Amino acid sequence: MLKRVAVIQSNYIPWKGYFDIINDVDLFVFYDDVQYTKNDWRNRNKIKTPKGSEWLTIPVNASNDLLICEVEMSNPNLISKHYKTLNALYSKAPYFKRYKPFLEHVYMEQKWSNLSEMNQYLIKHISKEFLGINAEFKDSREYDSNGRKLNRLIDILKKAKAEVYVSGPAAGDYIDLTRFKEEEIQLVYKDYKGYPEYEQFHPPFDHYVSILDLLFHAGPDSAYYIWGWRKETNAVEY
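Residues numbered from 1 in each chain as written. Predicted model: local features only at pLDDT ≥ 70, side-chain atom pairs only at ≥ 80, totals over all residues. Heavy atoms only, no water.

**A few points about the packing of helix H1 (residues 16-23) against helix H4 (residues 115-130)**
Consideration 1: Remark: H1 packs on H4, axes separated minimally by 11 Å, with the N-to-C direction vectors making an angle of 65 degrees. When the axes of H1 and H4 are compared, the pair comes out roughly perpendicular. Two packed elements cross with a definite hand, and for H1 against H4 that hand is right-handed. Where H1 approaches H4, its residues Tyr18, Phe19 and Ile22 are matched on the opposing element by Ile123, Ile126 and Ser127.
Consideration 2: Classifying every residue of the contact of H1 with H4 by side-chain character gives five nonpolar, one polar and no charged. (Axes fitted to C-alpha atoms, helices over the stretch in contact; angles between N-to-C directions. Helix = DSSP H or I, 4+ residues; strand = E, 2+ residues; numbered from the N terminus. Parallel < 35°, antiparallel > 145°, perpendicular 65-115°, else oblique. Left-handed = near helix turned anticlockwise from the far one by under 90°. Contact = heavy atoms within 4.5 Å. Nonpolar A, V, L, I, M, F, W, Y, C, P; charged D, E, K, R; others polar.)

See the structure below:
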């Protein structure tokens, strides 16, 4: 089996496609020692409300000259408000109570100050404990990588002994395929098409909301709505 690796910035409670990539690899590398970008997915994500999909945002002290791993929350005490918001919007969802102790631990008991640390904790816990993903997790700082942009990415992949690099489809706009061929690393773009819908509050259905929305509505069946459905599709096609 070829070693499959993904290298992606940590996001705040990401959408299901993020976890689809994690499930697709042997090693997932958090790429958090790169430039922080404002108004992006690092400190916010979407949840369903009666008014439609709206942002759930962590206030941070950040500028574009900071690395993601350097970004601190501007008022860590405000994080508890996210629990109250989730409770108000999703308490009647079928599986909200299943995840309530975890939410209370993250938002009410834990003391966070660093954005990257919280993001990585949430992603790893949701992956392993709730979705049953077996991927190994690492941080890009562990690789002491060199170069800039694509050169640095390839340096991380080489040090991680990657044979296949799994990327989101948007990266196709700037990735140079020839560089991967030169390094003998296969490049695979994740396909986000075809996700089945599930029972979701406040139609119309929105695929691009936080993973929490799926967990609250589908519980132990959540993995089916991310990657499990493909097995049925492939079986029918066969």
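After that view of the structure, there is still more to cover.
**Quick word on the sheet that holds strand E2 (residues 27-30)**
Consideration 1: In space, the five strands of this open sheet follow the order E7-E2-E1-E8-E9, with parallel pairing throughout. Both outer strands of the open sheet, strand E7 (136-139) and strand E9 (186-189), are each paired with one neighbouring strand and no more. Strand after strand, the sheet turns through a mean of 25 degrees between neighbouring axes, direction not considered.
Consideration 2: In terms of strand pairing, strand E1 (residues 4-8) meets strand E8 (residues 164-167) through two bridges, oriented parallel. Paired with Val5 across the two strands is Tyr165, which belongs to E8.
Consideration 3: Packed on one face of the sheet, H4 meets E2 and E7 and runs near 170 degrees to E7.
Consideration 4: Most of the contacts of helix H5 (residues 149-159) go to E1, to which it runs at about 140 degrees, and overall it touches E1, E2 and E8. (Pairing = 2+ DSSP bridges.)

**Here we look at the packing of aromatic side chains**
Consideration 1: If you walk through the whole model with that rule in mind, you get 22 aromatic pairs.
Consideration 2: Where Tyr90 meets Phe216, the ring centres are 5.0 Å apart and the plane angle is 55 degrees; that geometry is what we call tilted. Separated by 126 residues along the polypeptide, Tyr90 in helix H2 (residues 80-90) and Phe216 in helix H7 (residues 211-218) bring together distant segments of the chain. Grouping residues by exposure puts Tyr90 and Phe216 together as buried.
Consideration 3: Aromatic side chains Tyr198 and Phe205 sit 4.9 Å apart centroid to centroid with 85 degrees between the ring planes, which places their arrangement in the edge-to-face category.
Consideration 4: Judged by its relative accessible area of 9%, Tyr198 is buried.
Consideration 5: Geometry around Trp55 places Arg44 over its ring, the cationic atom sitting 3.6 Å from the centre.
Consideration 6: It is Lys46 that lies over the ring of Trp55; its NZ or CZ is 5.0 Å from the centre. (Phe/Tyr/Trp six-rings, centres within 6.5 Å; stacked < 30°, edge-to-face > 60°. Buried < 20%, exposed > 50% of the residue type's maximum accessible area, 1.4 Å probe, protein only. Lys NZ or Arg CZ within 6 Å of the ring centre and 35° of its normal.)

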